[in-house]
Amino acid sequence: MKKPLSTTAMLLCSIILLNSCANNSISHTQRKTDFENSKKSAVCFVQYKDGTVKNFKSLKLVTGLFTAPHLLADGKLKIRSKQIAAYQNGEHFAISQDSFSNGRQNAVAIETLPGFAIRTVKGNLNVYCKKYYNGQVAVDEYFIQAGDNGRIIAFTKEQLNEIVKNNSKALAFFNSNKNKGTLSEKLLATAELYNNVQSLSKN
């Protein structure tokens, strides 16, 4: 009698364990889907570090001399930067520097939460901008990403050339000495050109 009971107990435990794993997988997939849907449809949302996403009617950046920078959701809920991985309000989408593979760590709030970078261009080539103080003034630091799943890396000419190498127009534009303007203007224009050409080639 003991052997059948033992076998039955082991079988039940296996079923429960497998069911738990399946639920975890579904939960992770659902969180990713929720995040993608929120980016497309919601005006304001936060993605917490555990992957869950919560939508809000309003999301305001609060800073002050005697106030730790935070987000105020729907006029009442305080959200700290250490709680979340990304957020979107009516002005921009921003992502935590924890997602960057390199770059300077920043603890100052300039336009966004401390340690967050604002996405300035979205597409097959994403561009993010983070402001930091160099001791005297606020300086822009740029990050680039190939598609939504690529690593977010600090911008260099070499890295950008590697991403756009399959697009002759964007590559030529970025490396041309004829195109005047600041480096940031050239970077943003190259990203827009790359994304527009890539979109046309897919249709």
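From a predicted model like this one, the values you see are computed outputs, not experimental measurements.

Draft legend 1. Structural context of the packing of helix 2 (residues 157-164) against helix 3 (residues 168-175). Between helix 2 and helix 3, the shortest axis-to-axis distance is 9 Å and the interhelical angle comes to 160 degrees. By the angle between their directions, the pair helix 2 and helix 3 is classed as roughly antiparallel. Between helix 2 and helix 3, the residues in contact are Lys 157, Leu 160, Asn 161 and Val 164 and Ala 170, Leu 171, Phe 174 and Asn 175, respectively. Of the residues that constitute the contact of helix 2 with helix 3, the class distribution is five nonpolar, two polar and one charged.

Draft legend 2. Structural detail: the nonpolar core. Grouped together as the largest cluster of nonpolar side chains are 16 residues, with contacts concentrated most on Leu 125, Val 127, Ile 144, Phe 155, Leu 160, Val 164 and Leu 187. Going through the elements one at a time, strand 9 (125-133), strand 10 (138-146), helix 2, helix 3 and helix 4 (183-202) are the ones with two or more residues in this core. Other than its neighbours up to four places away in sequence, Phe 155 contacts Tyr 142, Phe 143, Ile 144, Leu 160, Phe 174, Leu 183 and Leu 187. Core analysis: the second largest hydrophobic core is formed by 14 residues, Cys 44, Leu 71, Ala 94 and Ile 118 among them.

Draft legend 3. Examining the environment of Lys 130 more closely. With respect to the helices, strands and loops of the structure, Lys 130 is situated in strand 9. Each C-alpha atom, one on Lys 130 and one on Arg 119, is 8.9 Å from the other, the two residues being 11 residues apart in sequence. For Lys 130, the side chain forms a polar contact with the side chain of Gln 97, separated by 3.0 Å.

Draft legend 4. Structural detail: the packing of aromatic side chains. Tallied over the entire structure, the rule returns four aromatic pairs. Relative to Phe 93, the ring of Phe 45 lies with its centre 6.3 Å away and its plane at 35 degrees, an arrangement referred to as tilted. One end of the pair, Phe 45, is in strand 1 (residues 44-48); the other, Phe 93, is in strand 7 (residues 93-96), and 48 residues separate them in sequence. Here Phe 45 and Phe 93 have matching classes, each one buried. Note that Lys 186 overlies the ring of Phe 174, its terminal NZ or CZ placed 5.9 Å from the centroid.

Draft legend 5. View of the sheet that holds strand 4 (residues 67-73). An order of 3-4-5 is seen for the three strands of this open sheet, with the pairing classed as antiparallel. Edge positions in the open sheet fall to strand 3 (59-64) and strand 5 (77-79), since each of these has one partner strand only. Here the strands of the sheet are splayed against their neighbours by 35 degrees on average, with no regard to which way each runs. The pairing of strand 4 with strand 5 spans three bridges and is antiparallel. When the bridges of strand 5 are listed, Ala 73 appears paired with Leu 77.

Draft legend 6. Inspection of the pairing of strand 1 at higher detail. For strand 1, the buried fraction is high: five of the five residues fall into the buried class. The alternating pattern of strand 1 places Cys 44, Val 46 and Tyr 48 on one face and Phe 45 and Gln 47 on the opposite face, and all of these are buried. Here four bridges tie strand 1 to strand 2 (residues 53-56), and the two strands are oriented antiparallel to one another. Within the sheet, the bridge partner assigned to Gln 47 lies in strand 2 and is Val 53. What sits between strand 1 and strand 2 in their antiparallel hairpin is a turn of four residues, with Gly 51 showing a positive phi close to 100 degrees. When strand 1 meets strand 6 (residues 84-88), the two strands line up antiparallel, connected through four bridges.

Draft legend 7. Expanded view of the sheet that holds strand 9. Pairing in this open sheet of eight strands is antiparallel, and the strands run 2-1-6-7-8-9-10-11 from one edge to the other. Strand pairing shows two members of the sheet lacking a second neighbour, strand 2 and strand 11 (153-154), which therefore form its edges. Inspection of the sheet shows strand 9 paired to strand 10 by nine bridges, in the antiparallel sense. Note that in strand 10 the partner of Tyr 128 across the bridge is Phe 143. Contacting strand 9, strand 10 and strand 11, helix 2 crosses the sheet at an angle of about 30 degrees to strand 10.

What counts as what
Residues numbered from 1 in each chain as written. Predicted model: local features only at pLDDT ≥ 70, side-chain atom pairs only at ≥ 80, totals over all residues. Heavy atoms only, no water. Axes fitted to C-alpha atoms, helices over the stretch in contact; angles between N-to-C directions. Helix = DSSP H or I, 4+ residues; strand = E, 2+ residues; numbered from the N terminus. Parallel < 35°, antiparallel > 145°, perpendicular 65-115°, else oblique. Contact = heavy atoms within 4.5 Å. Nonpolar A, V, L, I, M, F, W, Y, C, P; charged D, E, K, R; others polar. Core = buried A, V, L, I, M, F, W, Y, C linked by side-chain atoms within 4.5 Å. Buried < 20%, exposed > 50% of the residue type's maximum accessible area, 1.4 Å probe, protein only. Polar contact = N/O pair within 3.5 Å; in protein donor to acceptor, adjacent residues only side chain to side chain. Phe/Tyr/Trp six-rings, centres within 6.5 Å; stacked < 30°, edge-to-face > 60°. Lys NZ or Arg CZ within 6 Å of the ring centre and 35° of its normal. Pairing = 2+ DSSP bridges.

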